[in-house]
Amino acid sequence: MIAGYILRRLAFLPLTLLLVAFATFIVLRLTGNPVDIFLDINRTPEQVEALTKRLHLDQPLPVQFLIFLGDLLHGDFGESLQFTGSAAVVVWERVGATLQLAGTALALAVVLGVLGGLICAVWRDRAADAVISSIAIAGQSMPSFWLGLLLIEFFALQLRWLPTSGYGDLKHLVLPAVTLATILLPNFVLITRTAILELMGEQFVVTGRSKGMSRPRVLVTHILPNAINPVLSFLGIQLGHLMAGSIITETIFAWPGVGRLLINSISHRDVPVVEAAVFFIATAIALANLLVDVLQMLIDPRIRRA
Amino acid sequence: MKRRPVLVSLLAPLLALGSPAIAADKILTVGAAVFPDSLRSGTSSFASLSLMTQTNDLLVARDNKGDLHPALALRWETIDPLTMRFHLRQGVKFSDGVEFTADDVAFTINRVLDPAVAYAQAARISQVEKAVAVDKYTVDVKTKAVFPTLVRGLSDIIMEPKHYYEKVGPEKVAAHPIGTGPFIFKEWVPGDHYTLTANKDYWGGAPKFDRLIIRTIPDGSTRIASLVTGESQIIEEVPIDLIDQVNSSGSAKVDSISTTVGLVLTFDPTIKPFDNPKVREAFDYAIDKPLILKQILKGQGALLDGQVLTKGALGWNPDLKARPFDPAKAKQMLQDAGFDFSTPVPITTQNGKYVSDTDICNAVAGMLNKIGVKATVNIVEGGVFQQMSNARKWGPMHMVGWYNLGDADFAAVWYTQAGLRTRWADPEYDKLFVAARSTNDTAEREKIYHQMMAILNQQNPSIFLFGLPSLYGVSKDVTGFGAAADKLLRLTEVQLK
């Protein structure tokens, strides 16, 4: 049943990626001839011709797209214009750093967010709820670049506990991961809180309590499993947000990830790298969304039946 | 209570992971603002050349002020008007032990000239026909025409090993460069850092520390934080509004020097009414340049003297001065010229390309507004600006910086028709430019450039604003480092406490 669902969803994946590839392709062509932007005014006609050929710009647009798709099927995005080597390899070298950062941030956001939401819901309208909810709302309204700089100021400059920036051991990961997590964390707190509060009034919870189950037991066996689903669907929606946030975070903390590479490549119009990076990000988000859906099905039999 | 040791023992390895390794090595870490994308030679950025010159020497090197000094070439002489002979330093070795000879020089120069290589600095030695090895330590550089800027042009071209290119090919060379320079390649992590070790046998004297790490830190505030905490000892490009933060930290100071970049606002005289030199001159009077220098550039850099050349460059005209700020006169001149004050005047600029570029444009627009001109600021992304420049369509005014590297030729060319960087055209100016390029007589060239600067001053194809500063943050633990006008890192004299 679930296997069938996964197969059906996987069958749609190429279509999603095709649309992404098409959109990237069109937008990059619409924002000007990459040859004009990449080569400066000292260019020779030979250089223009060579680059035009290399990017297949001498072909009609539909043909260009077909060539692009054909190369794509072989995992070939072409050679990077500004780096040495293939665009796919250039992007792949940065994937590890981004996954490390985004993964840690996501884990932090989910674990702390659900925990915070749980505390808020259980001690509703008490001091803990007020404090955590206020921090969550404050965090939600704080721009991440500002938070990043504040964290550097406090933990790196004042306390000297953590390095200001860079890629390396665990210490280097702390500040960027916290900054990135803060983009999502407040929402996880608020959504978990709402979900649990709604569930507390449900029939099955009241029944559980009247059977003589303790409050914590009802919470763990009945409420939490049901509260996970809204959190998961929110997580699926927020993955794009996470990638966007990682671009800013990577810049502030000099983190050598895909986000910073993407921005840099866009401004140089390194078309092959931009296409490869967008394609990687889109694939990652599509697969993660699939994973979220499958998890939801495993957890909630109602979705399986739907 | 019993659980605590378990927790501590679980956390201990994590914490240990983060503690810095204690090494006897003296390490210098530089925080770079702009980080090149590869170690391929011949890309057009100064950031790239700055990294390449750590491993590879030049025939003729510049110092921090821009003056030329013998490096791999000990001396050079003119054999005939079209031939310059270079006598090389003997006994210099590449880091793989192979001796550096005239063959390497001829190979490098001829490779730079090969259009298939697409070497960006080829334009610097565009008049060179070929280089020929005369004997093991002598090279003749033949030019197509008289070429007065040959030696200065060569100060941008790193010498590369012929034998290594022939053995592994250009891709492998870019992945692991070998040179005769003060440092030796160790590790390159794209988008993160470049690690080098000191070349103990360097002909110019071994560096005084063991390891060099150049890290990219794109954000200015983060860069300063890394300097103040001691993670880096030198940082590039201190943002001008954060100078005080460095100087008041107690652990570092800002070191600055004027670059040879002249920041200007160029008009498009094919757009009316900017075909009228009086209108352009009036705009010049309307801008309070000393105020912008003081308030926005915090006194760093210098006022241009009514010409594109920075003070001290060959050809800088000492008789010219910046026009004084006189808004009443500016307004009167515009009225006399029949200027239509309802004409929108967008000023096109990039954001972050030059120090405080957007802020300066905003101030200029504000000053023009004060005399009734409808000036606005149009900020465009780098790629878009490049496209505008290729088409030479920036709108009525745009901000640009021209560096001269100490010789008028390099900046003056952008006002010629052949230079393709301005719509302004003056046959007399073009004729003088060709004349200056056709003689090796420095005094004669200087005289011609003085005339050319006077024409620019009268005609105002641009409003000449400032010579831009180059600002470094330097830790108090560092001695022997100087801010460089050309933004190349020169680290052989640097010592760490």
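Read on for an overview of the structure. (Residues numbered from 1 in each chain as written. Chains lettered and ligands numbered in written order. Predicted model: local features only at pLDDT ≥ 70, side-chain atom pairs only at ≥ 80, totals over all residues.)

### Topic: the overall build of chain B
For chain B, the helix and strand inventory stands at 16 helices and 19 strands. Judged by the C-alpha coordinates and their principal axes, chain B covers about 85 × 80 × 35 Å. Looking at the 497 residues of chain B, the share that counts as buried comes to 46%. (Helix = DSSP H or I, 4+ residues; strand = E, 2+ residues; numbered from the N terminus. Buried ≥ 20, exposed ≤ 12 C-beta atoms within 10 Å, placed from the backbone.)

### Things to note about the overall build of chain A
Check the secondary structure of chain A and you find 13 helices and zero strands. Considering only C-alpha atoms, chain A reaches an extent of 85 × 55 × 30 Å along its principal axes. For chain A, the proportion of its 306 residues judged to be buried stands at 34%. Summarising the internal contacts of chain A: among those between residues at least 6 apart in sequence, 70% fall at separations of at least 24. (Contact = placed C-beta atoms within 7 Å.)

### With respect to the environment of B:Ser462
All names here are of chain B. Relative to the assigned elements, Ser-462 resides in strand β17 (residues 462-475). Of the residues examined, Ser-462 has 27 C-beta atoms within 10 Å and is grouped as buried. Each C-alpha atom of the pair Ser-462 and Asp-268 lies 9.0 Å from the other, and the pair is 194 residues apart in sequence. For Ser-462, the residues in contact, after removing those within four places along its chain, are Val-264, Leu-265, Thr-266, Phe-267 and Val-308.

### Some words on helix α12 (residues 357-370) of chain B
Residue and element names in this part refer to chain B. Compared with an ideal rise of 1.5 Å per residue, which puts 14 residues at 20 Å, α12 spans 20 Å between its outermost C-alpha atoms and is within 8% of the ideal. Along α12, the residues classified as buried are Asp-357, Ile-360, Cys-361, Val-364, Ala-365, Met-367 and Leu-368. For α12, the angular spread of the buried residues around the axis is 160°, confining them to a single face. The inward-facing, buried residues of α12 abut β12 (252-267), α9 (277-286), α10 (289-295), β14 (344-349), β15 (374-379) and β16 (397-403). (Expected span 1.5 Å × (residues − 1). Arc of directions from axis to C-beta.)

### Comments concerning the interface of chain A and chain B
Counting from both sides, the interface comprises 36 residues of chain A and, opposite them, 38 residues of chain B. When residues of the side of chain A that touches chain B are traced back to their parent elements, those giving at least two are α2 (34-38), α3 (45-54), α5 (87-122), α7 (144-158), α8 (170-200), α10 (215-252) and α11 (258-268) of chain A. Residue composition of the side of chain A that touches chain B, grouped by class: 15 nonpolar, 11 polar and 10 charged. (Nonpolar A, V, L, I, M, F, W, Y, C, P; charged D, E, K, R; others polar.)

### Focus: the nonpolar core
In this structure, B:Leu59, B:Ile347 and B:Leu368 are the most contacted members of the largest nonpolar core, which totals 175 residues. Residue contributions to this core peak at 15 residues, all from α8(A). Once residues within four sequence positions are removed from consideration, B:Leu59 is found in contact with B:Ala71, B:Leu72, B:Ala73, B:Phe86, B:Val105, B:Leu154 and B:Met159. With 18 residues, the next largest nonpolar core counts A:Val258, A:Ala276, A:Ala277 and A:Ile281 among its residues. (Core = buried A, V, L, I, M, F, W, Y, C linked by C-beta atoms within 7 Å.)

### What to know about the sheet that holds strand β7 (residues 138-143) of chain B
Residues and elements named next belong to chain B. If you trace the four strands from one edge of the open sheet to the other, you get β4-β5-β7-β6, paired in antiparallel fashion. Two strands in the sheet have a free side with no partner beyond their single neighbour: β4 (73-80) and β6 (128-135). Across this sheet, the average inter-strand angle for adjacent strands is 20°, counted without regard to direction. Sheet topology note: the β6/β7 ladder contains six bridges and is antiparallel. When the bridges of β7 are listed, Val-132 appears paired with Asp-140. (Pairing = 2+ DSSP bridges. Axes fitted to C-alpha atoms, helices over the stretch in contact; angles between N-to-C directions.)

### Some remarks on the pairing of strand β9 (residues 193-198) of chain B
All names here are of chain B. Taken together, the six bridges between strand β8 (residues 183-189) and β9 define a ladder with antiparallel strand orientation. Paired with Phe-185 across the strands is Leu-196, a residue of β9. Here β8 hands over to β9 after three residues, with Gly-191 in that stretch at a positive phi of 75°. Pairing geometry for β9 and strand β10 (residues 211-216), over five bridges, is antiparallel. Its bridge partner being in β10, Leu-196 is matched across the sheet by Leu-212.

### Remarks on the pairing of β4(B)
Residues and elements named next belong to chain B. Relative to strand β5 (residues 83-88), β4 is paired through six bridges, and the arrangement is antiparallel. Paired with Arg-75 across the two strands is His-87, which belongs to β5. From the end of β4 to the start of β5, which pair antiparallel, there are two residues.

### Quick word on the packing of α5(A) against α10(A)
All names here are of chain A. Interhelical geometry of α5 versus α10 gives an angle of 135° and a closest axis separation of 10 Å. Accordingly, the angle class assigned to the pair α5 and α10 is oblique. Of the two possible hands of crossing, α5 and α10 adopt the one that is right-handed. Across from Thr-98, Leu-101, Ala-102, Ala-105, Leu-106, Val-110 and Val-114 in α5, the residues of α10 making contact are Val-231, Leu-235, Leu-242, Ser-246 and Thr-249. Grouping the amino acids of the contact of α5 with α10 by side-chain chemistry returns nine nonpolar, three polar and no charged. (Parallel < 35°, antiparallel > 145°, perpendicular 65-115°, else oblique. Left-handed = near helix turned anticlockwise from the far one by under 90°.)

### Considering the packing of α8(A) against α10(A)
Residue and element names in this part refer to chain A. Running from N to C, α8 and α10 point in directions that differ by 155°, and their axes come no closer than 9 Å. Classified by the interaxial angle, the pair formed by α8 and α10 is roughly antiparallel. Seen along the crossing, α8 lies across α10 with a hand that is right-handed.

### Quick look at the environment of B:Ala225
Topologically, B:Ala225 is positioned in helix α7 (residues 220-228). Of the residues examined, B:Ala225 has 25 C-beta atoms within 10 Å and is grouped as buried. Through-space distance from the C-alpha of B:Ala225 to that of B:Ser249 is 9.9 Å; in sequence the pair is 24 residues apart. When sequence neighbours within four positions are dropped, the list of residues in contact with B:Ala225 reads A:Ile152, A:Ala156, A:Leu157 and A:Thr164.

### Topic: unusual backbone geometry
Cis peptide bonds are those with omega within 30 degrees of zero, and the linkage from B:Lys272 to B:Pro273 qualifies with 5°. Here B:Pro273 lies in the loop between β12 and α9. Even without glycine at this site, A:Asp125 takes up a positive phi of about 60°. Position of A:Asp125 relative to the elements: it lies in the loop between α5 and α6 (127-140). With 9 C-beta atoms packed within 10 Å, A:Asp125 lands in the exposed category.

### Description of the environment of B:Glu281
All names here are of chain B. Summarising the element assignment, Glu-281 is placed in helix α9. Classification of Glu-281 as buried rests on a count of 21 C-beta atoms within 10 Å. Placed 103 residues apart in sequence, Glu-281 and Ile-178 show a C-alpha to C-alpha distance of 52 Å. Non-local contacts of Glu-281, meaning those with residues more than four positions away in its chain, are made with Met-333 and Asn-460.

### What to know about helix α1 (residues 2-30) of chain A
All names here are of chain A. When the terminal C-alpha atoms of α1 are compared, their 41 Å separation across 29 residues agrees well with the 42 Å that a helix rising 1.5 Å per residue should span. The largest bend in α1 is about 25°, located at Phe-12, with the proline Pro-14 one to four residues further on. Along α1, only zero of the 29 residues are buried, which leaves the element largely exposed. Positive phi shows up at Gly-32, right after α1, with a value of about 110°. (Bend = angle between axes of the 7 residues up to and from the residue.)

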